[in-house]
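# Architecture and fold: a report
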Amino acid sequence: MHRRRTALVLSAAIAAAAPLLTACGSEAHPGAAAVVGGQRITVAQLEGRVNEVREAQRAAVPDKTQYQQVLASTGSLTRDTLHNMVLDRVLHRAARDEGIAVTRKEVLQMRAGLEQQAGGAKGLQTTWLQKYGIAPGRLDDNLRLQLEAQKLAAKLGTDTSRPAFWKALSKASGELHIDLNPRYGSWDVQKSSRVDAGTPWVHEITTPAQQQPA
C-alpha cells in the first residue's frame, strides 16, 4: 500500500514486512468470505455491500457510457470492500481494547462539519462514494470508524499514519484470528491488510473547527 495525501484523505500504510496468515476459508467455512473473531462475513453480505455501492454509482451516473467507465475503474470493488469490512472490525476491536467509544452526537457533529465543506449532504455523499466506495447509507457507520481511529491514535500519542497506530491494529488482527477465503486473497496480520489491497481506508478528516489557519 502507498500513502497518498489529499486535503481530505490519508491512505495509511505500513512499511514493515510480515508473515502472511494464509486462509482456508472456502473449505473450513462454506459460504464465508471471511471469518473475523469467530464471526462470519458471508459472501451474501459482501455482495450486498457491493450492490449498495453499484446502485449508488448507477444513480449518480445515469449516462450508460459513463457508468461503464465507472465500472471499469472500480473493478476491484468486491475485494476492496471485503478488505474494508474486515479492517473495520479490526479497528473496532483495537478501539474497544483501549476503552474508546464514539457517541451518536460526535458522529453527527463530524458529519455536519464535512457537509459544510462539501456544500451539503448530497455533496458529502458523492465525495464518499467516489473516493472511498462508501454507499450513502453507510456514511454514518464510516464516520464512526474514522472517529474511533482518531481517538485511538490520540490515546496512543500518535496519528493514523504512524507505526504505533498500526501496531495496535496488528495486535487486534492477531486477537481476531482472521481467516480469509482464498478467492479474496490472504490477510497480513502485521500490516492489518489484505495482501493485494490498496484501498484508502483511514481518512485524515478535517472539519471546519479543526482546520488550521493557512
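This text follows the structure it describes.
Residues numbered from 1 in each chain as written. Predicted model: local features only at pLDDT ≥ 70, side-chain atom pairs only at ≥ 80, totals over all residues. Heavy atoms only, no water.

In terms of helices and strands, the protein chain carries eight helices and five strands. When the elements of the protein chain are put in sequence order from the N terminus, they spell out α-β-β-α-α-α-α-α-α-α-β-β-β. Per-residue burial over the protein chain gives 44% buried out of 214 residues. Residue pairs at least 24 apart in sequence account for 72% of intrachain contacts in the protein chain once pairs closer than 6 positions are excluded. (Helix = DSSP H or I, 4+ residues; strand = E, 2+ residues; numbered from the N terminus. Buried < 20%, exposed > 50% of the residue type's maximum accessible area, 1.4 Å probe, protein only. Contact = heavy atoms within 4.5 Å.)

In this structure, the second largest pocket encloses a volume near 380 Å³. Secondary structure elements with two or more residues in the lining of the second largest pocket: helix 2 (43-60), helix 3 (64-73), helix 4 (77-97) and helix 6 (121-132). Here the lining of the second largest pocket is built from residues that sort into eight nonpolar, ten polar and two charged. (1 Å grid on protein atoms, 1.4 Å probe; cavity = no way out; pocket = protein on both sides within 12 Å on 5 of 7 lines; lining within 4 Å. Points joined across faces, edges and corners; volume = space filled by probe spheres on them. Nonpolar A, V, L, I, M, F, W, Y, C, P; charged D, E, K, R; others polar.)

Taking 1.5 Å of rise per residue, the 15 residues of helix 5 (residues 104-118) would be expected to cover 21 Å, and the 21 Å separating its terminal C-alpha atoms lies within 8% of that figure. Turning to helix 5, its buried residues are V107, M110, R111, G113 and L114. The arc that holds the buried residues of helix 5, viewed along the axis, is 165 degrees, so those residues lie on one side. Facing away from the buried side of helix 5, by more than 90 degrees, are the exposed residues K105 and Q116. The secondary structure elements touched by the buried residues of helix 5 are helix 6 and helix 7 (139-155). Among the residues trailing helix 5, G119 stands out with phi positive, at a value near 85 degrees. (Expected span 1.5 Å × (residues − 1). Arc of directions from axis to C-beta.)

What follows is about the environment of K151. Mapped onto the elements of the fold, K151 is located in helix 7. On the basis of relative accessibility, which here comes to 27%, the residue K151 falls in the partly exposed class. Considering only alpha carbons, one finds K151 and V102, 49 residues apart in sequence, at a separation of 8.6 Å. Here K151 is in contact with I100, A101, V102 and E106, once residues within four sequence places are set aside. Polar side-chain contacts of K151 include one of 2.7 Å to the backbone oxygen of A101. (Polar contact = N/O pair within 3.5 Å; in protein donor to acceptor, adjacent residues only side chain to side chain.)

Attention now goes to the packing of aromatic side chains. Under the definition given, this model contains two aromatic pairs. The interplanar angle of 85 degrees and the centroid separation of 4.7 Å between the aromatic rings of W128 and Y132 together place this pair among those described as edge-to-face. Within this pair, W128 and its partner Y132 are both found in helix 6, separated by four residues, close to a single helical turn. Look at Y132 and you get buried, because its relative accessible area is 5%. Note on F165 and W166: the rings are 5.6 Å apart at their centroids and 80 degrees apart in plane angle, and the pair reads as edge-to-face. Assessed through its relative accessible area of 3%, W166 is described here as buried. The lysine or arginine in question, R58, covers the ring of Y67, its NZ or CZ lying 4.8 Å from the ring centre. (Phe/Tyr/Trp six-rings, centres within 6.5 Å; stacked < 30°, edge-to-face > 60°. Lys NZ or Arg CZ within 6 Å of the ring centre and 35° of its normal.)

Read across the open sheet, the three strands follow the order 2-1-3; overall the sheet is antiparallel. The open sheet has two edge strands with one neighbour each: strand 2 (39-42) and strand 3 (179-180). Here strand 1 (residues 32-36) pairs with strand 2 via four bridges, running antiparallel. Counted as the bridge partner of A34 is I41 from strand 2. Across the face of the sheet, helix 4 comes into contact with strand 1, strand 2 and strand 3 while running at roughly 160 degrees to strand 2. (Pairing = 2+ DSSP bridges. Axes fitted to C-alpha atoms, helices over the stretch in contact; angles between N-to-C directions.)

Bringing the packing of helix 2 against helix 4 into the picture now. Any two packed helices are characterised by how steeply their axes cross, that is the angle between the axes, and by the distance between the axes. Viewed as axis vectors pointing N to C, helix 2 and helix 4 meet at an angle of 115 degrees, and their least axial separation amounts to 10 Å. Crossing of helix 2 against helix 4: the hand is right-handed. Seen from helix 2, the contacting residues are Q45, L46, R49, V50, V53 and R54; seen from helix 4, they are L77, T78, T81, L82 and M85. Class assignment of the residues belonging to the contact of helix 2 with helix 4 gives a composition of six nonpolar, three polar and two charged. (Left-handed = near helix turned anticlockwise from the far one by under 90°.)

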